[in-house]
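Listed below, chain by chain, are the residues.
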Amino acid sequence: MAEAAGSGAGGRGSPEPGTGTGTGTGGGWRRPHGPLQRYYGPSAAETAEAAPDPADINGPHFDPEVFLNKVRSECPLGQLLAREAALGREIRALDSDMQTLLYENYNKFISATDTIRKMKVDFRRMEAEMDDLAANMAAISTSSARVSAALQDRHRRGAQLAGVQALLRKLQSLVEVPGRLRRWAAPGAEPARALRCHARARAVLRHYRHLPSFRAIEDESHAIMAELAQRLRARLRDETLEPKELSECVEMLLQLEEPPEELCQEFLSHAGARLEAELAALEAELPPADPPSGTAATPPPASDILDFVDRGSSSFVGTLCLLATSYRSLFQGHPGAGGGRLESFAAALTNRYFQLLEQRLALERGLGDTSLLVRALDRFHRRLRALLQLLPAAGAEPGAELVARAARERVQRYLRALQTFFLGCLGDVRQALAAPRPPGKEGPGLPDLLATLAASVLGQLKAVLAYVQLFTARDVAFASLPYFKGEFCVAAVREGLVVAFLRWLCRTARAFAESPPERGAPAAPPALLLLLARLCLDYEATTISYVLTLTDEQFPPQDGDPAVTPAAELCAEARAAAQRLLDHYVQVQGAAVAQMLRKSVETRDWLGTVEPRNVRAVMKRVVEDITAIDVQVGQLFEEGVRRAQSSDSSRRAFSVYSSSRAPGRYAPSYTPSAPMDTHLLSNIQKLFSERIDIFSPVEFNKVSVLTGIIKISLKTLLECVRLRTLGRFGLQQVQVDGHYLQLYLWRFAADERVVQGLLDEVAASAAHRCLDPVPMEHSVVELICERG
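The structure displayed is predicted, hence computed values, not measured ones.

What counts, and at which threshold
- Residues numbered from 1 in each chain as written.
- Predicted model: local features only at pLDDT ≥ 70, side-chain atom pairs only at ≥ 80, totals over all residues.
- Heavy atoms only, no water.
- Helix = DSSP H or I, 4+ residues; strand = E, 2+ residues; numbered from the N terminus.
- Buried < 20%, exposed > 50% of the residue type's maximum accessible area, 1.4 Å probe, protein only.
- Contact = heavy atoms within 4.5 Å.
- Salt bridge = Lys/Arg side-chain N within 4 Å of Asp/Glu carboxyl O.
- Phe/Tyr/Trp six-rings, centres within 6.5 Å; stacked < 30°, edge-to-face > 60°.
- Core = buried A, V, L, I, M, F, W, Y, C linked by side-chain atoms within 4.5 Å.
- Axes fitted to C-alpha atoms, helices over the stretch in contact; angles between N-to-C directions.
- Parallel < 35°, antiparallel > 145°, perpendicular 65-115°, else oblique.
- Patch = residues over 30% accessible without salt bridge, like charges linked within 9 Å, V, L, I, M, F, W, Y side chains within 5 Å.
- Areas by Shrake-Rupley, 256 points an atom, 1.4 Å probe, with all protein chains shown as cover.
- pLDDT = per-residue confidence, 0-100.
- Left-handed = near helix turned anticlockwise from the far one by under 90°.
- Nonpolar A, V, L, I, M, F, W, Y, C, P; charged D, E, K, R; others polar.
- Lys, Arg positive; Asp, Glu negative; His and termini not counted.
- Charge placed at Lys NZ, Arg CZ, Asp CG, Glu CD.

Visitor: Explain the overall build of the protein to me, using residue names and the numbers behind them.
Guide: When its secondary structure is counted, the protein shows 25 helices and zero strands. Relative to its 788 residues, the protein shows a buried fraction of 38%. Expressed as a percentage of contacts within the protein between residues at least 6 apart in sequence, the contacts between residues at least 24 apart total 81%.

Below you can see the structure in the form of structure tokens.
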């Protein structure tokens, strides 16, 4: 049958599976197609994914009854017949495929049957061997139990033996404790190891001290540690002991159960001695507070302030911080060594350190390098802040006040430096004004001197503000203190420096006009008065507002700061100083011209003088001086406003019987041939004339200044003439001199009627004081003046 199956398969020309390549009907092996695949069913994955459908003829859940009911209900008769024929064809095709598959795999089925038979025989043999192995394993398990019990018993005995050995080692170590303590506690050895060894053995020895052997060991150990404690106490009294060694020594004594109160006192005593020595080293760098009489001035310190602060911070403050940290770690929790003793101890020392630092700061008499001072104060404040974190009561307020006081003192020194600088600039200006000028070479004019003075002072003030601003820089630690954010900016800088300097400048300038010069000292030159008046006026106009704005920008005031001096108040002071200086300039210059006129009148014989042929030289000098003053004032002040001039001011008639108060058309009628008393006429005219205020305040312009000088000069001439007795030619000389002054002085005055009126009064007074009042012809007077 196998052969028939094989020949049948071979008759179809089918090779072994996997060896043939053909797929046609010519005899090649064919793979199962759709109907066979549907017969064997889908794969497990497809079955898991597909939903159960009893009407699916190829599905695993196929139900013939459901399928037939569905087909009958849905398909007509024609489709049912066609469906029947198709199912028949598929069944026949499946049968044919199954037969083909059976024929192709028949030999494999036979071989598999033989193999299965052999595997069954081998399996039975393996089962027998496994039974034998199980019996052997049971025997081995029994033996293992007995071995495990033996091992456990051995381990228990070994543990007992190890415990006995450990106890023997402990006993041996306890026996060796005195020897080790003696070796490690010896001078120059390792006392810390001795303390650790004693600490480990102390509890055991106390527990078994009822045993004589242990009591002996404990007593010997106590004797050794007592001797060590004595050596540590002796070492504690060594003044050269470093802070770290001091802490270690006290810590070992505390481990030896020494009284904490005594150790605390000795610790503070030794620390105080060391800190006192460091303070003494700092004090040695300072000069004596009261130098011996007859010695020179105090020498400058050997090192700068930054080095002094660095040494104080690294030595005193650093040591104090280290000792405070050691004190708290050593005596923390001990009732007899509270923090109050440490804080009072530290406060006394820090106060003395502050005093030494303040003495050193007092030696910074000059300005020096402000950045160096700021860096020194910053380092001091930073180290003090670290100390205050350990000891809050060590002196926070005194330290902050010391920094603030140093800053205020430096600001005051800058104020004095500004004052000295301004006085030096004034000295340079006076020297430039008094320096002789070579012929043909002019010195610097008043505008140049004013510009140089103003620029120098303003530049120096701005430089000082830049230096002072270092105290409030962002990288400076003490700049965050409330004082430097508010009071320093307002009270110290704005009011104490800037406002104080501006007020001092106005007072200093005004002092040239108010206080008389010291005996032997030269008076201030008039040009200096004029220049200072212009400087104060410029300060009132722009400089004060600019400086105050700059100060408020660099040192902004905070809310709640005290009221500041308004700019309007300072401007008013500057304007008042300028007014006083300009008034004094007018008085000085008027007095100088008046002195020439007074001497010329007092030294002349007005009764015996000859007939005038020329204008006196002093009158020419007066005109020259007034012209020079006009040029000088015009360099610094504006022209000013003049009253409208008459059509022929320079040619106006000058008569000994005319007055500027009367209209010009009345002058010719007042002649010597008139029967009316000239003195009475003059008095009547004064009643109806404007009063001339000789010493009235001048305005800040040129014509006002010149008018004031001319009024003082002519008023002096008038008073001098009133005191003299004149002859005919003396009267005529006054007439010529007056007409000459009228020709030239009217152009300098704000109102020509002032000049004309004063000259008319001079002529009237001369006529009143003349014994033979016969005036000179006006044409002759004009001729003499033109020729002169």
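Visitor: Explain the pattern of salt bridges to me, using residue names and the numbers behind them.
Guide: Overall, the coordinates contain 28 salt bridges when judged by the stated rule. Here Arg352 ties to Glu276 by a salt bridge, and the two come within 2.1 Å at their closest N and O atoms. In this pair, Arg352 is assigned in helix H12 (residues 339–362) and Glu276 in helix H10 (residues 260–284), connecting sequence segments 76 residues apart. When its relative accessible area of 27% is taken as the criterion, Arg352 is described as partly exposed. By relative accessible area, Glu276 is classed as partly exposed at 33%. Between Arg510 and Glu514 there is a salt bridge whose closest N-O contact spans 2.7 Å. With a gap of four residues between them, Arg510 and Glu514 both fall in helix H17 (residues 487–514), about one helical turn apart. Overall, the relative accessible area of 29% leaves Arg510 in the partly exposed class. Via salt bridges that share partners, Glu358, Glu401, Arg405 and Arg408 belong to a single interconnected network.

Visitor: Account for the packing of aromatic side chains, with residues named and values stated.
Guide: Enumeration over the complete set of coordinates arrives at 13 aromatic pairs. Where Tyr353 meets Phe380, the ring centres are 6.1 Å apart and the plane angle is 45°; that geometry is what we call tilted. Residue Tyr353 is found in helix H12, and its partner Phe380 is found in helix H13 (residues 370–390); the two are separated by 27 residues along the sequence. On the basis of relative accessibility, which here comes to 3%, the residue Tyr353 falls in the buried class. Taking relative accessible area as the criterion, Phe380 reaches 1% and is therefore assigned buried. With centroids separated by 4.9 Å and ring planes inclined at 55°, the aromatic side chains of Tyr740 and Tyr744 adopt a geometry described as tilted. Of this pair, Tyr740 and Tyr744 both sit in helix H23 (residues 728–745), four residues apart, roughly one helical turn.

Visitor: Just give me the short version of the nonpolar core, but keep the residues and values in it.
Guide: Ranked by internal contacts, the top residues of the largest apolar core, which has 169 residues, are Phe422, Phe488 and Leu497. The element contributing the most residues to this core is helix H18 (residues 526–554), with 15 residues. The residues contacting Leu497, other than those within four sequence positions of it, are Val411, Tyr414, Leu415, Leu418, Val464, Leu465, Val468 and Ala492.

Visitor: Help me get a handle on the packing of H23 against helix H24 (residues 752–768), residues and values and all.
Guide: As a packed pair, H23 and H24 sit with axes 10 Å apart at the nearest point and diverge in direction by 180°. In terms of orientation, H23 lies roughly antiparallel with respect to H24. Together, Leu731, Val734, Gly738, Leu741, Gln742 and Leu745 of H23 and Val755, Gln756, Leu759, Val762, Ala763, Ala766 and Ala767 of H24 make up the contact between the two elements.

Visitor: Go over a nonpolar patch on the surface, please, and point to the residues and values.
Guide: Among the surface-exposed residues, Met130, Leu133, Met137 and Ile140 lie close enough to one another that they form a single nonpolar patch of about 400 Å² accessible area. Looking at the secondary structure, you find Leu133 in helix H6 (residues 106–184). Looking at Leu133, the relative accessible area reads 42%, which means it is partly exposed.

Visitor: Account for the confidence of the model for the protein, with residues named and values stated.
Guide: Averaged over all residues, the pLDDT of the protein is 76; the fraction at 70 or higher stands at 72%. This model gives residues 1–33 a pLDDT under 50, and the stretch forms 28 contacts once residues within four places in sequence are excluded. In this model residues 649–654 is a low-confidence stretch, pLDDT under 50, and it forms 27 contacts with partners more than four residues away in sequence or in other chains.

Visitor: Let's hear about the packing of helix H19 (residues 567–602) against helix H22 (residues 702–722): which residues, and what values?
Guide: Remark: H19 packs on H22, axes separated minimally by 8 Å, with the N-to-C direction vectors making an angle of 30°. As summarised for this structure, H19 and H22 are arranged roughly parallel, according to the angle between their axes. Considering how the two elements wind past one another, H19 and H22 form a crossing that is right-handed. Between H19 and H22, the contacting residues are Leu582, Tyr585, Val586, Gln587, Gln589, Gly590, Ala591, Val593, Ala594, Leu597, Arg598 and Val601 on the first element and Val705, Gly708, Ile709, Ile712, Ser713, Thr716, Leu717, Cys720 and Val721 on the second. Residue composition of the contact of H19 with H22, by class: 14 nonpolar, six polar and one charged.

Visitor: Please give an account of the environment of Ser344 that cites residues and values.
Guide: Examined against the element boundaries, Ser344 turns out to sit in helix H12. By relative accessible area, Ser344 is classed as partly exposed at 49%.

Visitor: How would you explain a negative patch on the surface if you had to name every residue and give the values?
Guide: Taken together, the side chains of Glu127, Glu129, Asp131 and Asp132 make up a negatively charged region of the molecular surface. Topologically, Glu129 is positioned in helix H6. With a relative accessible area of 48%, Glu129 lands in the partly exposed category.

Visitor: Give me the lowdown on the environment of Ala592, citing residues and values where you can.
Guide: Mapped onto the fold, Ala592 is located in helix H19. Under the relative-accessibility criterion, Ala592 is labelled partly exposed at 41%.

Visitor: I'd like a rundown of the environment of Ala617, residues and numbers included.
Guide: Mapping Ala617 onto the fold places it in helix H20 (residues 617–634). A relative accessible area of 59% means that Ala617 is categorised as exposed.

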